[in-house]
Amino acid sequence: MYAPFFGLEHAPFSIAPDPRYLFMSDRHREALAHLLYGLEAGGGFVLLTGEIGTGKTTVCRCFLEQIPAHCNVAYVFNPKLTVGELLRSICDEFGVAHAPAVPGAETVKDCLDPLNAFLLREHAAGRNNVLIIDEAQSLAPEVLEQLRLLTNLETSERKLLQIVLIGQPELRAMVADPALEQLAQRVIARYHLDALTPEETRQYIAHRMAVAGLKGPLPFTARALVRIHQRARGIPRRINLLCDRALLGAYAGGLHEVNDTIVDRAAAEVFDAGAAPAQAAAARARVRAGGPRWAVAGAGALAGAAVIAGIGWGLGWRPEAPSGGAGVATAQAAKPAAAAAAGAAAGTSASPVASSSAAAASTAPLARSPLQDFLAAQPAGEDAAWRTLAAAWAVRDADLGAGDACDALQRQGLRCYRQRRAGLALVRQLDRPGWLTLYTAADAAVPVVLSGFDPVRQVATLEGAGGRRLQVPAADLAQAWRGEFATLWRAPPELPPSGKVEAASPAAPWLDAQLARAGAAPAAAAGQPAPATTAAQRRARIHRFQVAQGLVPDGVAGPLTLMLLNRAAGVAEPRLNTP
């Protein structure tokens, strides 16, 4: 309902899983890397734990998407099973036929024997087998012991079954129990997924709003973003619930910006305890006392308006009903701001929050921020930004000439790269100067070079024309940035114009060497030539590197992959200045 009010195409904070909204923070990427490492380690247990709502299922889905084609996967999502039920589920997931030796009395052996035969056949065919168990904290001790015994299925070279356990923090305590010491010793990789940091919370919110179609600045004040992190404790699912209710509450109050007060009231509604007890208690007391509700009428609009009015009431916006009774609702009057204006004309008393905010918005002059002053002094167009950026790569302005900067830079062995939907996490991961397209209060686009970033203070350093610099908090930068980012990267020799290293490209040997330097491929023995690499091997190595870096894995070495590969291999390139 509130999406069009905030200029969105759809609601950004649904708790339903949607791959369009996938946000991989640094810790999510690290968790995924642990799972993928365990996949290649050749047997044993891999543990992924985290609080409810931290994104374990998101990481698991990414893991499932990245599992190579030569792996068979069995996924058990309801582990409240007996030993016999679990073994039957595993056989069913792998497609292994099983039947009781004695009709009507299937035993553990009736499942283990065909399962072992299946694992041996698949191993002989060069295929790996992975068992993933979600909500593993619900496993009974005897079931965990049976899983340990499954890891005894092995050849002289490797284990036949890789087991991934995903669960809440109780799983760590279970595995640490002395009674399960034998299982604990078979854990080859483990990772605990913590909540998001305050900066990651801001990035998460900005990412979801951008995917939902937001074109302007975030409709959250800086203090509101801090409060969201505090109330949601950095847990993505709680952030979704809180932001959804806060936007709905602002919509009900006719406000285009969510402040910390709205967040507190929304937290009292969605979390029902500990968020804003005084405000929640007062709101409930007013409802019990029979306070007035919003009166909205109109064919086809009554039910939806009642929901919005009820939520607006719960969050503290309570305009009194006009003395003349209910009016006729039109499409325009259904919008809170217009409804409030109509109510005022009819003698309606507006709520203190809505009226004071509206008055402030209409009468108080907008103060120019240092960032807006900085943007106002910058020249229009991208050419100046490219030239400022080229200086960081030791390219003189005279070498660029008067033509297109990117064409001239290509003659210097550099390529221009643009990304229209970048996030601050990607910019920091690339760790190289680039220019951001920032927007003024008048919605004018201004390219500005980002030359440094302080991860501790969360402060970005911007460079403009004439050597002018400005340090700006990341939260303020996010208000003026919509994700447009551009940078330079050093192209390998004989790189095709497409910017991608294909199988038959002359740059393929260079790529193999870089993959080896980055640890994504086996290095040649000392004094020996590098072994020949097939196209399938190279693609698989690129795929693994992309997954470990949190990129969309396609097995193709494009510009983003090559930039991160250069960084991992230690190629000397300009970096973002850090204290």
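Since this is a predicted model, take the numbers as computed values, not measurements. (Residues numbered from 1 in each chain as written. Predicted model: local features only at pLDDT ≥ 70, side-chain atom pairs only at ≥ 80, totals over all residues. Heavy atoms only, no water.)

Observations regarding the overall build of the protein chain
Within the protein chain, the secondary structure is distributed over 24 helices and 11 strands. Pairs at least 24 residues apart make up 71% of the contacts formed inside the protein chain by residues separated by at least 6 positions. (Helix = DSSP H or I, 4+ residues; strand = E, 2+ residues; numbered from the N terminus. Contact = heavy atoms within 4.5 Å.)

Re the side chain of Arg 148
By secondary structure assignment, the location of Arg 148 is in helix H5 (residues 141-150). Given the relative accessible area of 7%, Arg 148 is considered buried. Ignoring any residue separated from it by four or fewer positions in sequence, one finds Arg 148 in contact with Phe 45, Gln 182, Leu 183 and Arg 186. (Buried < 20%, exposed > 50% of the residue type's maximum accessible area, 1.4 Å probe, protein only.)

Focus on the packing of helix H1 (residues 26-40) against helix H2 (residues 56-66)
For any two helices packed against each other, one specifies the inter-axial angle together with the distance between the axes. Taken N-terminus to C-terminus, the directions of H1 and H2 make an angle of 45°; their axes are 10 Å apart at the nearest point. Taken together, the axes of H1 and H2 are oblique relative to one another. The hand of the H1/H2 crossing is right-handed. Contacts between H1 and H2 involve His 28, Ala 31, Leu 32, Leu 35, Leu 36 and Leu 39 from the former and Val 59, Cys 62, Phe 63 and Gln 66 from the latter. Here the contact of H1 with H2 is built from residues that sort into eight nonpolar, two polar and no charged. (Axes fitted to C-alpha atoms, helices over the stretch in contact; angles between N-to-C directions. Parallel < 35°, antiparallel > 145°, perpendicular 65-115°, else oblique. Left-handed = near helix turned anticlockwise from the far one by under 90°. Nonpolar A, V, L, I, M, F, W, Y, C, P; charged D, E, K, R; others polar.)

Here we look at the side chain of Arg 208
By secondary structure assignment, the location of Arg 208 is in helix H8 (residues 198-211). In this structure the side chain of Arg 208 is engaged in a polar contact, spanning 3.2 Å, whose partner is the backbone oxygen of Ser 14. Ignoring any residue separated from it by four or fewer positions in sequence, one finds Arg 208 in contact with Pro 12, Phe 13, Ser 14, Tyr 21 and Asn 240. (Polar contact = N/O pair within 3.5 Å; in protein donor to acceptor, adjacent residues only side chain to side chain.)

Structural notes on the packing of aromatic side chains
In the structure shown here, the tally under the stated rule is seven aromatic pairs. Pairing Phe 5 with Phe 6 gives two aromatic rings, centres 5.1 Å apart and planes at 85°, and the pair type is edge-to-face. Taken as a pair, Phe 5 and Phe 6 share a single burial class, namely buried. The interplanar angle of 80° and the centroid separation of 5.6 Å between the aromatic rings of Phe 23 and Tyr 204 together place this pair among those described as edge-to-face. Of this pair, Phe 23 sits in the segment before H1 while Tyr 204 sits in helix H8, placing them 181 residues apart in sequence. Every member of this aromatic cluster is reached through a ring pair, and the members are Tyr 2, Phe 5, Phe 6 and Tyr 251. Arg 482 extends its terminal NZ or CZ atom over the ring of Tyr 439, reaching a point 3.6 Å from the ring centre. (Phe/Tyr/Trp six-rings, centres within 6.5 Å; stacked < 30°, edge-to-face > 60°. Lys NZ or Arg CZ within 6 Å of the ring centre and 35° of its normal.)

Structural notes on the packing of helix H23 (residues 535-549) against helix H24 (residues 559-569)
Relative orientation of the contacting elements H23 and H24 amounts to 80°, with a least axis distance of 11 Å. If you check the angle between H23 and H24, you find them roughly perpendicular. Of the residues in H24, those in contact with Ile 542, Phe 545, Gln 546 and Gln 549 of H23 are Thr 561, Leu 564, Leu 565 and Ala 568. Residue composition of the contact of H23 with H24, grouped by class: five nonpolar, three polar and no charged.

Section: the sheet that holds strand E8 (residues 445-454)
Strand order in the open sheet formed by six strands is E6-E11-E7-E8-E9-E10, with antiparallel pairing between adjacent strands. The open sheet is flanked by strand E6 (414-419) and strand E10 (469-473), the only strands paired with a single partner. Going from strand to strand, the sheet's axes swing by 35° on average, the running direction of each strand aside. Strands E6 and strand E11 (481-490) of the sheet are contacted by H24, whose axis makes an angle of about 65° with E11. (Pairing = 2+ DSSP bridges.)

Comments concerning the confidence of the model for the protein chain
Within the protein chain, residue pLDDT values average 78, and 80% of them lie at 70 or more. Across residues 274-366, confidence stays below pLDDT 50; counting only partners more than four residues off in sequence or on other chains, it has 85 contacts. (pLDDT = per-residue confidence, 0-100.)

Considerations on the sheet that holds strand E4 (residues 162-167)
Reading across from one edge, E2-E3-E4-E1-E5 is the order of the five strands in this open sheet, with parallel pairing throughout. If you trace the sheet from one side to the other, it starts and ends with strand E2 (71-76) and strand E5 (187-193), each paired once. In this sheet, adjacent strand axes meet at a mean angle of 15° when their direction is disregarded. Across four bridges, strand E3 (residues 128-133) lies against E4 in parallel orientation. Residue pairing across strands places Val 130 opposite Gln 162, the latter belonging to E4.

Regarding the pairing of E4
Taken across its six residues, E4 has six buried, putting it largely inside the fold. Here E4 shows no split at all, with Gln 162, Val 164 and Ile 166 on one side and Ile 163, Leu 165 and Gly 167 on the other all buried. Note: strand E1 (residues 44-50) against E4, six bridges, orientation parallel. In the sheet register, Gly 44 faces E4, and the bridge partner there is Gln 162. On the question of chirality, the crossover connecting E3 to the parallel E4 by way of H5 is right-handed. (Right-handed = clockwise from strand over helix to strand, strands pointing away.)

Overview of the nonpolar core
Taken as a class, soluble globular proteins show a tendency for nonpolar side chains to be buried jointly. In this structure, Leu 371, Leu 438, Leu 462, Trp 481 and Leu 511 are the most contacted members of the largest nonpolar core, which totals 43 residues. The dominant element in this core, judged by the number of residues it contributes, is H24, at five residues. If sequence neighbours within four positions are ignored, Trp 481 has contacts with Ala 422, Gly 423, Leu 424, Val 427, Leu 436, Thr 437 and Leu 438. (Core = buried A, V, L, I, M, F, W, Y, C linked by side-chain atoms within 4.5 Å.)

Describing the state of the cysteines
Per the stated rule, a full pass over the model turns up one disulfide. Take Cys 62: it sits in no disulfide, and the sulfur closest to it among the cysteines is that of Cys 60, at 9.3 Å. (Disulfide = S-S within 2.5 Å.)

Structural notes on the environment of Phe 5
Looking at the secondary structure, you find Phe 5 in the segment before H1. Residue classification places Phe 5 among the buried positions, given a relative accessible area of 14%. Along the sequence, Phe 5 and Leu 248 sit 243 residues apart, while their C-alpha atoms lie 9.8 Å from each other.

Section: helix H4 (residues 108-124)
When the terminal C-alpha atoms of H4 are compared, their 24 Å separation across 17 residues agrees well with the 24 Å that a helix rising 1.5 Å per residue should span. The set of residues buried in H4 consists of Asp 110, Cys 111, Leu 115, Phe 118, Leu 119 and Glu 122. In a view along the axis of H4, the buried residues occupy a sector of 145°, so they form one face of it. Turned more than 90 degrees away from the buried face of H4, the exposed residues are Lys 109, Arg 121 and Ala 124. In this fold, the buried residues of H4 make contact with E2, helix H3 (83-94), E3 and H5. Of the residues one or two after H4, Gly 126 is the one with positive phi, at around 80°. (Expected span 1.5 Å × (residues − 1). Arc of directions from axis to C-beta.)

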